[in-house]
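Architecture and fold: a report
Next come the chains, spelled out residue by residue.
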Amino acid sequence: MKVQNRIFRNQPDYLFVIVRRSPDWKPNSLDATPPATERVSVTQVASYGEAYDDLIRCNRLALRMAKPYWAVIETPGATL
C-alpha cells in the first residue's frame, strides 16, 4: 500500500525564491516572473497564500527602493 498523504512526503508544496533581476526588465505586475535569472535565495513554504503575501510585500519594497531583486513562487522541480 502506497501512502499518498502529504505529511509523509519530503517535497515542499511551494518554493519562495528571491532572484536577481536584469536591469532592463520592467515588471507589469507585482507577481510577474522575470526571464531566466540568478537565484539568490530559496525557501520552502507549505502555503501558497502566505508565500503570495510575502511575494507582494517583497516586490512592492523592491520597486519602491529600486532594488535589483525580485520574489517569485514556484513549484518544486519547476524552472524559471
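The notes below deal with the structure included here. (Residues numbered from 1 in each chain as written. Predicted model: local features only at pLDDT ≥ 70, side-chain atom pairs only at ≥ 80, totals over all residues. Heavy atoms only, no water.)

This next bit is on the sheet that holds strand β1 (residues 14–20). The strands that make up a sheet pair up through hydrogen bonds in the backbone, lying either parallel or antiparallel. Spatial ordering of the open sheet is given by β2-β1-β3, a layout of three strands whose pairing is antiparallel. Across the chains shown, the open sheet's two edge strands, defined by having one partner strand only, are β2 (38–45) and β3 (69–74). Along the sheet, successive strands turn relative to each other by an average axial angle of 20°, direction set aside. Across seven bridges, the pairing between β1 and β2 is antiparallel. In the strand pairing of β2, Ile-18 is matched with Ser-41. (Pairing = 2+ DSSP bridges. Helix = DSSP H or I, 4+ residues; strand = E, 2+ residues; numbered from the N terminus. Axes fitted to C-alpha atoms, helices over the stretch in contact; angles between N-to-C directions.)

For the rest of this paragraph, the subject is helix α1 (residues 48–64). With 17 residues, α1 ought to run about 24 Å at 1.5 Å a step, and its terminal C-alpha atoms sit 24 Å apart, in line with that. Ala-51, Leu-55, Ile-56, Asn-59 and Ala-62 are the residues of α1 that are buried. The buried residues of α1 occupy an angular sector of 140° when the element is viewed end-on, so they sit on one face. Opposite its buried face, α1 presents the exposed residues Glu-50, Arg-57 and Arg-64, each directed more than 90 degrees away. Looking at the buried side of α1, the elements it contacts are β1, β2 and β3. (Expected span 1.5 Å × (residues − 1). Buried < 20%, exposed > 50% of the residue type's maximum accessible area, 1.4 Å probe, protein only. Arc of directions from axis to C-beta. Contact = heavy atoms within 4.5 Å.)

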